[in-house]
Amino acid sequence: MGKPEHISSYYVATANQSLNFSQLQDTLDCDVCIVGGGITGCSAALQLAERGYQVVLLEGTRVGWGASGRSGGQILQGFACGQGRLNQLVGAEAALTLWQMSLEAIELLKYNIKKYDIQCDFQQGLAEVAVKPRQYKELKAWAEEMQRHYNYHSMRFMEKEELCSILATKRYLGGVYDTNGGHLHPLNYTLGLAKAAQQAGVKIFEQSAVIRVTQGQQPVAVTAQGQVRCRHLILSGNAYLHQILPAIEAKVMPVSTYILATEPLGKTQATQLISNNMAVADVNFVLDYFRLSADWRLLFGGGVSYSTVDPIHLTQTMRRKMLRVFPQLQAIKPAFAWGGHVAITINRAPHFGRVGSNVYFAQGYSGHGLAMAGFAGKLMAEALAGTSERFDLFGEIPHHPFPGGRWLRMPLLVLGTTYYKLKDLF
Ligand SMILES: Cc1cc2nc3c(=O)[nH]c(=O)nc-3n(C[C@H](O)[C@H](O)[C@H](O)COP(=O)(O)OP(=O)(O)OC[C@H]3O[C@@H](n4cnc5c(N)ncnc54)[C@H](O)[C@@H]3O)c2cc1C
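Please read all numbers here as calculations on a predicted model, not as lab measurements.

(A) Fine view of the overall build of the protein chain. A count of helices and strands for the protein chain gives 13 helices and 17 strands. Counting only C-alpha atoms and orienting by the principal axes, one finds that the protein chain spans roughly 60 × 45 × 45 Å. When burial is assessed residue by residue, the protein chain has 56% of its 426 residues classed as buried. Long-range contacts, defined here as pairs at least 24 residues apart, represent 74% of the contacts in the protein chain between residues at least 6 apart.

In structure tokens, the structure reads:
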């Protein structure tokens, strides 16, 4: 069997560097072994190496192969569960601190791009938009709440008229525009982080899937051809971590979401669709999200599969969704369609923590991980170096395993989400 490679996507076709790391063939000793080369793992590796730790990162396929190299590229503040839910889960004071950390996550992303000169087509501006009158009211109230109680002023509400002057669709009733959000090429960002980590001294191995870990004073990560002994282990396989540590894996559920990239539209036609080049996401439970690429395509994301089995006619399915928003693209040809797994938690808040004293993990960003995953890497590095208050605050968010165990959790989730899909209709 051939070695696992990247899937086909617009991002892989436009990756601006090809990093090839060798396969682990040996027994190595280090301070920290990281399992998973997405944004969480690469960021943790970089942060730790810069603090003087000897770090080995093991990636099962290729760096950026998972969600980090496939995502919508939308940079979002806050958390998928929303601040209201976070207040209920941890109390208002802690929820406010977590919100502030979500802003710091965006700052870290921008800092990384600048410091390591990562070419990833960063663009400022993101709108979350309402499809239903209920959502219109909720978004308006949210923008007011953020300004009044969170002192957050980069966000403002746009009425339909203003939104329609930017976005060439009549589908949305209004939305919240945030200059602090934005979008980027997520694979190029991830590769940029990996390169910076390598330059900081991290030993990265690809096609080196960890098949087993042993815990204890000196944890060991075992691959088919080698092993790494370490003092601390970081698990950053997120939705793709499979049967390594069942207790934490039971608290997330892999769910597929999909993206279609059109052929290049040219700058004129592309900016007729989204004149200010912002990213856009609606606030349905099963949401549409879209943006322009640097070469003026529309990247249109949406849909979910709880079975994680891709639709047979993925391109046609995604095209139908895109035409519901932009019927004027009828004659435009799709160029790429792909999907990936998002790790969701039951309450849609991220799940960070420790197993024993020296195994750390961060997962379950619930579709909100582009900025937060990088920050999770920083928090794990901080915690490992002895300052764990901020990491531990995330650990206070209560999480439950998906009911039904490995085989039943999917049908139960489908039942649960049918309720929310119905709610999206009103
Ligand atoms: C289609 C799609 C669209 C998305 N859109 C957005 C968006 O617009 N905005 C946003 O904020 N978030 C979005 N997300 C979510 C976001 O991409 C993720 O939250 C984030 O990238 C998670 O990063 P990660 O490093 O934790 O996981 P991943 O990027 O999935 O990386 C995990 C890595 O671990 C490796 N791995 C797993 N198990 C092992 C093992 N045993 N041994 C070795 N390696 C292993 C995998 O091969 C993989 O490369 C989207 C996700 C998808 C799939």
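(B) Just the nonpolar core, in detail. Ranked by size, the top nonpolar core spans 70 residues in total, and within it Ile-34, Leu-48, Leu-86, Tyr-189, Ile-234, Phe-352 and Phe-394 carry the most contacts. Among the elements that line this core, the one with the most residues is helix H11 (residues 369-384), at 11 residues. There are two domains that each give this core at least three residues, and those are domain 1 (10-70 + 188-250 + 347-407) and domain 2 (123-181 + 254-344). Look past the residues within four positions of Ile-234 in its chain and what remains in contact with it is Val-32, Cys-33, Ile-34, Val-35, Ala-44, Leu-48, Tyr-360, Met-380 and Leu-384. By size, the runner-up hydrophobic cluster in this structure holds 29 residues, among which are Ala-127, Met-158, Ala-270 and Leu-323.

(C) Spatial organisation of the domain arrangement of the protein chain. On domain assignment, one finds that the protein chain holds domain 1 (10-70 + 188-250 + 347-407) and domain 2 (123-181 + 254-344). In this structure, domain 1 and domain 2 have C-alpha centres spaced 29 Å apart. Listed as interface residues are 14 residues of domain 1 and, on the opposing side, 18 residues of domain 2. Summing the contributions of domain 1 and of domain 2, the shared interface buries around 1300 Å²; its carbon and sulfur component is 62%. In terms of surface lost to domain 2, no three residues of domain 1 exceed Tyr-10, Arg-70 and Ala-239, which account for 46% of the buried area on that side. Run the count over domain 1 and domain 2 and you get 0 salt bridges. Where domain 1 touches domain 2, the interface holds 6 residue pairs in polar contact (both at pLDDT 80 or more). Among the residues forming the side of domain 1 that touches domain 2, the class breakdown is 8 nonpolar, 4 polar and 2 charged.

(D) Local environment of the packing of aromatic side chains. Taken as a whole, this structure holds 15 aromatic pairs when the rule is applied. When the centroid spacing of 6.0 Å and the interplanar angle of 65° are considered together, the rings of Phe-79 and Phe-394 count as edge-to-face. Residue Phe-79 is located in the loop between strand S3 (74-75) and helix H3 (82-90), and its partner Phe-394 is located in helix H12 (residues 389-395); the two are separated by 315 residues in the primary sequence. With relative accessibility at 7%, the residue Phe-79 sits in the buried group. Residue Phe-394 is classed as buried on the basis of its relative accessible area, which comes to 0%. Seen from their ring centres, Tyr-172 and Phe-290 are 6.5 Å apart, and the 25° between their planes marks the pair as stacked.

(E) Broad picture of the packing of helix H4 (residues 92-115) against H11. Where H4 contacts H11, the axes come no closer than 8 Å and their chain directions differ by 95°. Taken together, the axis directions place H4 and H11 in an arrangement best described as roughly perpendicular. Residue-level inspection shows Met-101, Ser-102, Glu-104, Ala-105, Ile-106, Leu-108 and Leu-109 of H4 in contact with H11, the latter providing Leu-370, Ala-371, Met-372, Gly-374, Phe-375, Lys-378 and Leu-379. Of the residues that constitute the contact of H4 with H11, the class distribution is 10 nonpolar, 2 polar and 2 charged.

(F) Quick peek at the pairing of strand S1 (residues 27-35). Counted residue by residue, S1 has 7 buried out of 9 residues, so it is predominantly covered. Two strands pair when backbone bridges link them, and S1 and strand S10 (residues 227-235) are joined in this way by 8 bridges, in the parallel orientation. Across the sheet, residue Cys-30 finds its bridge partner in S10, namely Cys-230. The pairing of S1 with strand S2 (residues 55-58) spans 4 bridges and is parallel. Note on S2: the bridge partner recorded for Cys-33 is Val-56. Viewed along the sheet, the connection from S1 through helix H2 (residues 39-50) into S2 turns out right-handed.

(G) Highlighting the environment of Gly-364. Tracing the sequence through the fold places Gly-364 in the loop between strand S17 (359-363) and H11. According to the relative accessible area criterion, Gly-364 is buried, its value standing at 0%. Considering only alpha carbons, one finds Gly-364 and Val-32, 332 residues apart in sequence, at a separation of 22 Å. Apart from residues no more than four positions distant in its own chain, Gly-364 is found in contact with Asn-238, Val-252, Ala-343, Thr-345, Ala-349, Pro-350 and His-351.

Conventions we followed
Residues numbered from 1 in each chain as written. Predicted model: local features only at pLDDT ≥ 70, side-chain atom pairs only at ≥ 80, totals over all residues. Heavy atoms only, no water. Helix = DSSP H or I, 4+ residues; strand = E, 2+ residues; numbered from the N terminus. Buried < 20%, exposed > 50% of the residue type's maximum accessible area, 1.4 Å probe, protein only. Contact = heavy atoms within 4.5 Å. Core = buried A, V, L, I, M, F, W, Y, C linked by side-chain atoms within 4.5 Å. Domains from an automatic or database assignment. Buried area = accessible area lost by both parts, 1.4 Å probe. Salt bridge = Lys/Arg side-chain N within 4 Å of Asp/Glu carboxyl O. Polar contact = N/O pair within 3.5 Å; in protein donor to acceptor, adjacent residues only side chain to side chain. Nonpolar A, V, L, I, M, F, W, Y, C, P; charged D, E, K, R; others polar. Phe/Tyr/Trp six-rings, centres within 6.5 Å; stacked < 30°, edge-to-face > 60°. Axes fitted to C-alpha atoms, helices over the stretch in contact; angles between N-to-C directions. Parallel < 35°, antiparallel > 145°, perpendicular 65-115°, else oblique. Pairing = 2+ DSSP bridges. Right-handed = clockwise from strand over helix to strand, strands pointing away.

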